[in-house]
Each structure stands twice: as C-alpha cells, then as structure tokens.
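Report on the structure
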Amino acid sequence: MIADSYDKVLFKKALDNLSNAYCPYSEFPVSAVLVGESGKEYTGVNIENAAYPAGICAERTAMSKAVSEGERNFERIVIATANGEGWPCGICRQFMYEFSPDMKVVAGKNIDNLKAYSLRELLPEGFRLEV
Ligand code: THU
C-alpha cells in the first residue's frame, strides 16, 4: 500500500495530540488517528498505569472510543511517536483485525517517510470469527 496526502494530514494530527499521551513509566508517547468508514476521525494515545499491564496502547484507545460511539468498520489508522517509527503491537493488531482486517495502517519516522500496509499484511492468517 502507498501512503497518501490524507495520511500526512492524519500524521500531523497525531503529532499534535502526542502531548496527551499519559506515559510516565515508559516515557514513550504514542498517538494514533483512526478513520471510520463514516469518515469520522478518532484520536487515541497510550495511557499507562502504575499497575503496568493495565495500560493501553494508543491504537486500542482510538478504536475503543470509536466502537463505543457505534463505528464498527475502519478505513485507516495513522500512528506517530515522539521519536521514530512505531508500528502496532501484536495485541493491537489482533484487536483491530476483529473489526477491519483490510484497513490501512500507516506509520513512519517522520511526515515525509510514511509507510503503509494493510492490516492483513501485518497479521497474516489472523484469527477472526466470520459473523
Ligand atoms: N505502545 C502503543 O501505544 N502502541 C503500540 O503499538 C506500541 C506500544 C505504547 C504502550 C506503552 O505505553 C508504550 O508504548 C511503551 O511500550
């Protein structure tokens, strides 16, 4: 897949929202902007916790916000970190695959070096109930 000009717009929005990441333990802010098939955009950041496993990644924050507002199908997600390229962890890949295996996933080390894959490429043979 090819990153396009809308991905750049979304990457900028993700960067603008990075300061809302709550990551006092890792000090690794992550920010995502998710786009539903409705066209609506949902932001998400990582939210850590003193009980470490209770923390949540930016991608799942964004998708949880969206699903809880009624959106079930997703077009793309763009991810930014404070330093360098950050791709979704395995749990986030599985979480997103539940809803939209063919959505576009975009990340990169800066706005001029974005890369894009389909989620299916990032999670081959993923597990999903066909409902
Ligand atoms: N993190 C994300 O938010 N998204 C990812 O896909 C990778 C990891 C967060 C989790 C944790 O708060 C921090 O980055 C360091 O692992």
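This text goes with the structure placed above it.
Let me sum up the structure you'll find in this document. (Residues numbered from 1 in each chain as written. Predicted model: local features only at pLDDT ≥ 70, side-chain atom pairs only at ≥ 80, totals over all residues. Heavy atoms only, no water.)

1. Quick word on the pairing of strand β2 (residues 41–45)
- Where strand β1 (residues 30–36) meets β2, five bridges bridge the pair, whose relative direction is antiparallel. Opposite Ala32, over in β2, you have Gly44 as the bridge partner.
- Connecting β1 to the next strand, β2, in antiparallel fashion are four residues, including Gly39 with a positive phi near 95°. (Pairing = 2+ DSSP bridges. Helix = DSSP H or I, 4+ residues; strand = E, 2+ residues; numbered from the N terminus.)

2. Details of the site of the ligand
- If you check the shell around the ligand, you find Ser26, Phe28, Val30, Asn46, Glu48, Cys57, Ala58, Glu59, Trp87, Pro88 and Cys89 and nothing else.
- A distance of 2.9 Å separates an oxygen atom of the ligand from a polar atom in the backbone of Ala58.
- Across the complex, the protein chains shield 74% of the 370 Å² of accessible surface that the ligand would expose by itself.
- Across the shell around the ligand, the residue classes tally to seven nonpolar, two polar and two charged. (Near = heavy atom within 4 Å. Polar contact = N/O pair within 3.5 Å; in protein donor to acceptor, adjacent residues only side chain to side chain. Areas by Shrake-Rupley, 256 points an atom, 1.4 Å probe, with all protein chains shown as cover. Nonpolar A, V, L, I, M, F, W, Y, C, P; charged D, E, K, R; others polar.)

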